[in-house]
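Inside the fold
For reference, the chains in residue letters:
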Amino acid sequence: MLSRVLLVCLSLSLYSSGSSLSCRWVDHKFRQHSRNSLDLIDTMAHNSTNTTEDAEVNFPNDLYRQASKASAEDKLSFTVQILEEMAALFEKDHSNASWEENTVDHFLIVVTQQADGLHSCIKSHGHKKKNKKLQMYFKKLSRHVLEQMGHSAESWELIRKEMKTHLMRADQLVLSLTN
């Protein structure tokens, strides 16, 4: 009898470790934070028509395709990195943007909470290697969009639009774990 109970417990633990990600934060909080961050970035919208083609950086669709085929932990790590890189980008001098400081501060808080919450779902809390291509992409945004355009309102509007796309793609990536 005891051996059967032990066998059932062992089977259940093996099954649950092999099944899709089970994380209370993703199940209960992620969607709410995701909606909040998208609402806040929409609030920051500024209709600017003075954008230049030279300042554009190609969206990393290929990195998202790779991430969509990765393990649950790798999907979360990728999403955490996006959110952390995004927060770092918005901490730069955005004084020329027409955004209310409270909105930007609230956006940064929500994005940081998302990153922290998702990080808590990663079982191997050890130091994961950052995706170098993703790091380079965000450096290009900083250098080729913000710096090249003098941190202008137009450059920040390009960044805002790009980050909105990232938030939507990251949302899809994380929600694919709950299906």
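Residues numbered from 1 in each chain as written. Predicted model: local features only at pLDDT ≥ 70, side-chain atom pairs only at ≥ 80, totals over all residues. Heavy atoms only, no water.

Focus: the confidence of the model for the chain
The share of residues in the chain with pLDDT of 70 or more is 79%, and the mean pLDDT across the chain is 83. Taken element by element, the chain is modelled with least confidence in helix α1 (residues 2–18), mean pLDDT 38, and with most confidence in helix α3 (residues 61–68), mean pLDDT 96. For the stretch residues 2–20, pLDDT sits under 50, and the model shows one contact to residues farther than four places along the chain or on other chains. (pLDDT = per-residue confidence, 0-100. Helix = DSSP H or I, 4+ residues; strand = E, 2+ residues; numbered from the N terminus. Contact = heavy atoms within 4.5 Å.)

Remarks on the state of the cysteines
Each disulfide consists of a covalent bond between the sulfur atoms of two cysteine residues. Inspection of the entire model under this criterion finds one disulfide. Through a disulfide, C23 is tied to C121; the S-S separation comes to 1.7 Å. Taking the torsion about the sulfur-sulfur bond, which here is approximately -55°, the covalent link between C23 and C121 counts as left-handed. Taken as a pair, C23 in the loop between α1 and α2 (24–43) and C121 in the loop between α5 (101–119) and α6 (132–147) lie far apart in primary sequence, 98 residues in all. (Disulfide = S-S within 2.5 Å.)

As for the environment of M168
Summarising the element assignment, M168 is placed in helix α7 (residues 153–175). On the accessibility criterion, M168 (38% relative accessible area) is partly exposed. Residues M168 and L38 lie 130 residues apart in sequence; the distance between their C-alpha atoms is 7.7 Å. (Buried < 20%, exposed > 50% of the residue type's maximum accessible area, 1.4 Å probe, protein only.)

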